[in-house]
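Structural features, examined
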Amino acid sequence: MRIDVLTLFPAMLDGFLSESMLGRAREAKLLEIAVHNLRDWSTDKHRTTDDRPFGGGAGMVLKCEPVFAAIEQLQTSGCRRIYLTPDGTPLTSALAEELSRQRHLVFLSGHYEGIDQRIRDTIIDQEVSIGDYVLTNGTLAAAVVIDALARFIPGVLGEEKSLTSESFTSNLLDFPNYTRPAVYRGMSVPEVLLQGNHGEIEKWRHAQQLEKTRKVRPDLLKKKP
Ligand code: ADE
């Protein structure tokens, strides 16, 4: 899969894209990601990308010209052009999985104050929010979406099975995990995990998932098929 990210703050993604799972996925060519500075498509000597809003009001608005030029250069036929914004469709595990099956994604990171509506009306296919809070710009939101979808690309996670048991795949939160030592500062690991009876362990884990979900996210239980 190919991903292009358009942002005014490309350096915000430097560490994120080279570390850990994502760094390995890129090295293994499972993912090809390019980050672009929107200013590279501005045409004046001050490298302007925003302007005052028509109708007045505080703040600046991202201009049409550099965004249209950038997207028109980067897009390929059939690619999905996504604008990150708090008033977009909420990101879910299902949406991340759907995005992971695309061949080419172009992410446009928003501006603090907003972008010219004509961009959203014509060269954006989908608007995505990562939650009901407002970030200073959409660059971290793009990183979150990329991280969430990358995990669904075959080969990115070490063990494919880690996807199936985890939170949200089944609308259940995760079960508790333990590792050695079996007793730490007087706290013992639940006995059932030490006994090696896989049927009993599965049952215990499922019960833990239900209890945790009921307590923390009862809304998820209503969504369960
Ligand atoms: N830009 C600013 N806040 C955002 C959010 N919550 N989701 C996506 N993009 C954003």
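This section reports on the structure supplied with the text. (Residues numbered from 1 in each chain as written. Predicted model: local features only at pLDDT ≥ 70, side-chain atom pairs only at ≥ 80, totals over all residues. Heavy atoms only, no water.)

What follows is about the overall build of the protein. For the protein, the count of helices and strands is 10 helices and nine strands. Here the C-alpha atoms of the protein give a radius of gyration of 22 Å, more than 25% beyond the 17 Å that 2.2 N^0.38 yields for 225 residues. Along the three orthogonal principal directions, the C-alpha set of the protein runs to about 70 × 40 × 35 Å. Out of the 225 residues in the protein, the part that is buried amounts to 40%. Here the analysis covers contacts within the protein between residues at least 6 apart in sequence; of these, 74% occur between residues at least 24 apart. Summing over all exposed atoms, the protein offers an accessible surface of approximately 13,300 Å²; the carbon and sulfur share of this is 52%. (Helix = DSSP H or I, 4+ residues; strand = E, 2+ residues; numbered from the N terminus. Rg over C-alpha atoms; globule rule 2.2 N^0.38 Å. Buried < 20%, exposed > 50% of the residue type's maximum accessible area, 1.4 Å probe, protein only. Contact = heavy atoms within 4.5 Å. Areas by Shrake-Rupley, 256 points an atom, 1.4 Å probe, with all protein chains shown as cover.)

With that out of the way, let us pick up the nonpolar core. If you look at the biggest cluster of nonpolar residues, it comprises 26 residues, and the most contacted ones within it are I3, V5, L31, F107 and L149. In terms of residue count, the dominant contributor to this core is helix α6 (residues 139-150) (seven residues). If you look at the next biggest cluster of nonpolar residues, it comprises 18 residues, including L38, C64, L108 and I123. (Core = buried A, V, L, I, M, F, W, Y, C linked by side-chain atoms within 4.5 Å.)

Turning to the environment of L6, a few remarks are in order. Mapping L6 onto the fold places it in strand β1 (residues 2-7). Among the residues examined, L6 registers a relative accessible area of 0% and is labelled buried. In this structure the C-alpha to C-alpha distance between L6 and Q208, which are 202 residues apart in sequence, comes to 42 Å. Those residues in contact with L6 that lie beyond four places of it in its chain are H36, L38, W41, A70, I71, L74, V106, F107, L108 and S109.

Before going further, it helps to examine the site of the ligand. Not every one of the 13 residues close to the ligand is listed here, only the nearest: T85, I130, G131, Y133 and L135. In this structure, T85 approaches the ligand through a main-chain N or O atom, which is 3.1 Å from a nitrogen atom. For the ligand, whose unbound accessible area comes to 260 Å², protein coverage reaches 96%. Contributing elements (two or more residues each) for the shell around the ligand: β5 (80-90) and β7 (126-129). Looking at the shell around the ligand element by element, the count peaks at three residues for β5. (Near = heavy atom within 4 Å. Polar contact = N/O pair within 3.5 Å; in protein donor to acceptor, adjacent residues only side chain to side chain.)

A few words on the side chain of H36. Position of H36 relative to the elements: it lies in strand β2 (residues 32-37). The exposure class assigned to H36 is buried, which follows from its relative accessible area of 15%. Within the structure, the side chain of H36 is placed 2.7 Å from the side chain of D4, a separation counted as a polar contact. Leaving out residues up to four positions away in the same chain, H36 has contacts with R2, D4, V5, L6, T7, W41 and L74.

Let's shift gears to the sheet that holds β1. The sheet built from five strands is open, its strands ordered β2-β1-β6-β5-β7 with parallel pairing. Either end of the sheet is taken by a strand with one partner, and the two such strands are β2 and β7. Along the sheet, successive strands turn relative to each other by an average axial angle of 30°, direction set aside. In this structure, β1 lies alongside β2, joined through six bridges in parallel fashion. (Pairing = 2+ DSSP bridges. Axes fitted to C-alpha atoms, helices over the stretch in contact; angles between N-to-C directions.)

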